[in-house]
Amino acid sequence: MDKQLLLLRELHLNPVTTQRDIAKAVGLSLGSVNELIKQMVNMGILKIEKISQKKVMYNLTSLGITQRAKGTYKYISEAYAFLKELNKRIDGLMSNINEDRIVVLFGEYDDLYDIIKTRLDNNGIQYITINSYEGLKLLSDKNKLLLIVWNPENIPLLNDDNYDYIDILSYI
């Protein structure tokens, strides 16, 4: 999401706020927020209304509302296209798994884990889930294991012990 869209979203949700709070909320520096607000006021996207000596209200103009809507639509469309492509790539990887392998999802339980798990379920591939290296070492017959990993910090451990794995991030 671009900086301007992040700012428009935050100002839409919290019109009475400080630039410092905006900066924290969107992860930008205070100077960047100040500059973006000036630019958006000059472009007619945003109006500033003084409420009191220390408070202002940021109002999106009709142009600002349109920009926010278009930007949000574009962001959602791009994210959806990315997820569709990601699913397609994961499905392609999964189609090459031999049935005699034990598939192990190895990593944190996060959003990417959920995506991979869903793809395996949809493809009817059985798997086990392990989120610690200690748990992984308890599995027997290392040669039958095929690990699917998505956390970069796990890769060196697997290389050191010669595990067979697929690094999902290298395919996206």
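Look up: the structure comes first, before these words.
What this report covers is the structure whose coordinates are included nearby.

Each value, and the rule that gives it
Residues numbered from 1 in each chain as written. Predicted model: local features only at pLDDT ≥ 70, side-chain atom pairs only at ≥ 80, totals over all residues. Heavy atoms only, no water. Pairing = 2+ DSSP bridges. Helix = DSSP H or I, 4+ residues; strand = E, 2+ residues; numbered from the N terminus. Axes fitted to C-alpha atoms, helices over the stretch in contact; angles between N-to-C directions. Phe/Tyr/Trp six-rings, centres within 6.5 Å; stacked < 30°, edge-to-face > 60°. Buried < 20%, exposed > 50% of the residue type's maximum accessible area, 1.4 Å probe, protein only. Lys NZ or Arg CZ within 6 Å of the ring centre and 35° of its normal. Contact = heavy atoms within 4.5 Å. Salt bridge = Lys/Arg side-chain N within 4 Å of Asp/Glu carboxyl O. Arc of directions from axis to C-beta.

1. Side note on the sheet that holds strand β5 (residues 145–149)
Next up, step 1: On the basis of which strands lie adjacent, the open sheet formed by four strands has the order β4-β3-β5-β6 and parallel pairing. For this open sheet the edge positions go to β4 (127–130) and β6 (165–167), each flanked by a neighbour on one side alone. Direction aside, the axes of adjacent strands within the sheet are offset by 25 degrees on average.

2. What about the packing of aromatic side chains?
When we look at a pair of aromatic rings, we describe it by the centre distance and by the angle of the planes.
Next up, step 1: By the definition in use, this model includes two aromatic pairs.
Next up, step 2: Taken together, a centroid distance of 5.9 Å and an interplanar angle of 40 degrees make the contact between Tyr-113 and Trp-150 tilted. Of this pair, Tyr-113 sits in helix α5 (residues 111–122) while Trp-150 sits in the loop between β5 and α7 (155–160); the two residues are 37 residues apart in sequence, bridging distant segments of the chain.
Next up, step 3: In this structure Trp-150 comes out as buried when scored by relative accessible area, which is 3%.
Next up, step 4: Members of the aromatic cluster, each reached through a chain of ring pairs, are Tyr-109, Tyr-113 and Trp-150.
Next up, step 5: Here the basic side chain of Lys-142 rests over the ring of Tyr-163, its NZ or CZ set 5.0 Å away from the ring centre.

3. Examining the side chain of Arg-119
Next up, step 1: Examined against the element boundaries, Arg-119 turns out to sit in helix α5.
Next up, step 2: If sequence neighbours within four positions are ignored, Arg-119 has contacts with Asn-87, Ile-90 and Asp-91.

4. Overview of the pattern of salt bridges
Where charged atoms from two side chains of opposite charge come close, those side chains can pair.
Next up, step 1: Following the criterion strictly, the structure yields six salt bridges and no others.
Next up, step 2: Among the ionic pairs, Lys-88 bridges to Glu-85, the shortest N-O distance being 3.8 Å. You can see Lys-88 and its partner Glu-85 sitting in helix α4 (residues 62–94), three residues apart, about one turn around the helix.
Next up, step 3: Salt-bridge contacts for Asp-121 lead to Lys-117; the nearest nitrogen and oxygen are separated by 3.4 Å.

5. Describing helix α2 (residues 19–26)
Next up, step 1: Every buried residue of α2 is accounted for by Gln-19, Ile-22, Ala-23 and Val-26. Down the axis of α2, the buried set is contained in an arc of 100 degrees. They therefore lie on one face. Opposite the buried face of α2, at more than 90 degrees from it, the exposed residues are Arg-20 and Lys-24.
Next up, step 2: Each element contacted by the buried residues of α2 is listed here: α1 (3–13), α3 (30–42) and β2 (56–60).

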